[in-house]
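Structural description and commentary
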Amino acid sequence: MKPLFFDSHTHVQFVAFKDDHEEVIRRALDKGVWLNNVGSQKETSEKAVMIAEDHEKGVYATVGFHPIHAEAAEKEDLEESVSKSEEFDYDFFCRLAQNPKVVAIGECGLDYFHLKNAAKDKQKEIFLAQIKLAEETSKPLMVHCRDAYPDLIEILRSERSRLLPDRPGISHFFTGSLQDAETLLKMGFSFSFGGAITFAGNYDEVLRRIPLDRLLLETDAPYVAPVPFRGQRNEPSFVVHVAEHIAKVKSLSLEEVARETTKNALRIFAI
Ligand code: NI
């Protein structure tokens, strides 16, 4: 059976779901929602793969190193019981990425919003290593970027030859300018959007600009639930509300948005 929707970026392996991740996944699969659990460090990447292996179909994993973990975090967060910095371990991720359930490398990229110290160089170095990993494993990138699109685009441009020509990657929760979007589109990237678009009107213009064959749905659960669940813990089955908003903004039917974004996810993840 083909999925109806694809939550292309979620984190059901995070500690927010420690007591009920199987029920959450079951709720999604029962509604025809397939999902990709995205890692942020060693532990969350490994957990994502383990959960994917528990399911014959419909649950996939992305392994990699989120830029905010290039330095020690100040706060506890929903990923781990205690958020921690760690060194990027290329061989570890390379081994993990060999698993057939691993569909992309990330989330990787640059995040200057959360930057406390002079960690830009370290973030860039770790991003470059993950681009190399994507090349070595022939997988697309799952890109995270905040307040750093010019530097991100410069790196992707210079490393373009290492990326898959037909499916270089996904810019997850895109928050750049229209011009950044155009540049990434020309380079072959796709874009995923989540709950924020259902309550923050400033995404409508970029949603109209990005063609449907480059759009994907995500929840980024447990974060940023869509209307009407705003403020609650997010989960993959809520992704239908993201699709509804895209349908409204692009004047398309929900069925068309669901069908095309699912097709895009299956293509990019080579499922
Ligand atoms: Ni995420």
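Source: prediction; values computed, not measured.

Another point: a nonpolar patch on the surface. A grouping of Phe-199, Val-224 and Val-227 is seen on the molecular surface, where their side chains present a nonpolar patch of about 210 Å² in accessible area. Within the secondary structure, Val-227 is located in the loop between β8 (215-217) and α8 (239-249). The exposure class assigned to Val-227 is partly exposed, which follows from its relative accessible area of 39%.

The subject of this paragraph is the packing of aromatic side chains. Scanning all chains against the criterion turns up 14 aromatic pairs. With 6.4 Å between their ring centres and 80° between their planes, Phe-88 and Tyr-90 make a pair best called edge-to-face. By relative accessible area, which is 17% here, Phe-88 ends up buried. Connected via pairs of aromatic rings, a cluster forms that spans Phe-65, Phe-88, Tyr-90, Phe-92 and Phe-93. Residue placement shows Lys-42 over the ring face of Phe-92; its charged tip is 5.1 Å from the ring centre.

Across the 5 residues of strand β3 (residues 59-63), 5 count as buried, placing the element largely inside the fold. Of the two faces of β3, both are covered, the one formed by Val-59, Ala-61 and Val-63 as well as the one formed by Tyr-60 and Thr-62. The pairing of strand β2 (residues 33-38) with β3 spans 4 bridges and is classified as parallel. Directly across from Asn-37, in β3, lies its bridge partner Ala-61. After leaving β2, the chain enters helix α2 (residues 42-53) and then returns to the sheet as β3, a path that is right-handed. Here β3 pairs with strand β4 (residues 102-111) via 3 bridges, running parallel.

Procedures and definitions
- Residue positions are given per chain, counting from 1 as you read along its sequence in written order.
- For a predicted model such as this one, the threshold for reporting local features is a pLDDT of at least 70, and the threshold for listing and counting side-chain atom pairs is 80 or more; totals across whole chains, interfaces and linings nevertheless cover every residue.
- Note that water and hydrogens are dropped before the side-chain values are worked out from all heavy atoms of the structure.
- Two distance rules govern patches: like charges are joined within 9 Å, and nonpolar side chains (Val, Leu, Ile, Met, Phe, Trp, Tyr) within 5 Å, applied only to residues with over 30% relative accessible area and no salt bridge.
- Throughout, the Shrake-Rupley method with a 1.4 Å probe supplies accessible areas, and for residues the shown protein chains are the sole cover considered.
- Just to be clear on terms, a salt bridge is a Lys or Arg side-chain nitrogen sitting within 4 Å of an Asp or Glu carboxyl oxygen.
- Secondary structure counts use DSSP, requiring at least four H or I residues in a row for a helix and at least two E residues in a row for a strand, with both numbered from the N terminus.
- Exposure categories follow from relative accessible area, calculated using a 1.4 Å probe and restricted to protein chains: below 20% of the type maximum is buried, above 50% is exposed, and the middle band is partly exposed.
- Within 6.5 Å between ring centres, the rings of Phe, Tyr and Trp (the latter by its six-membered ring) count as paired, and their orientation is classed by plane angle as stacked under 30 degrees, edge-to-face over 60, tilted in between.
- Charges are assigned to positions over rings by a cutoff of 6 Å between ring centre and Lys NZ or Arg CZ, combined with an angular limit of 35 degrees from the ring normal.
- In short, DSSP must find at least two bridges between two strands for them to pair.
- Whether a crossover is right-handed depends on one test, that the path from the first strand over the helix to the second runs clockwise when the strands point away from the viewer.

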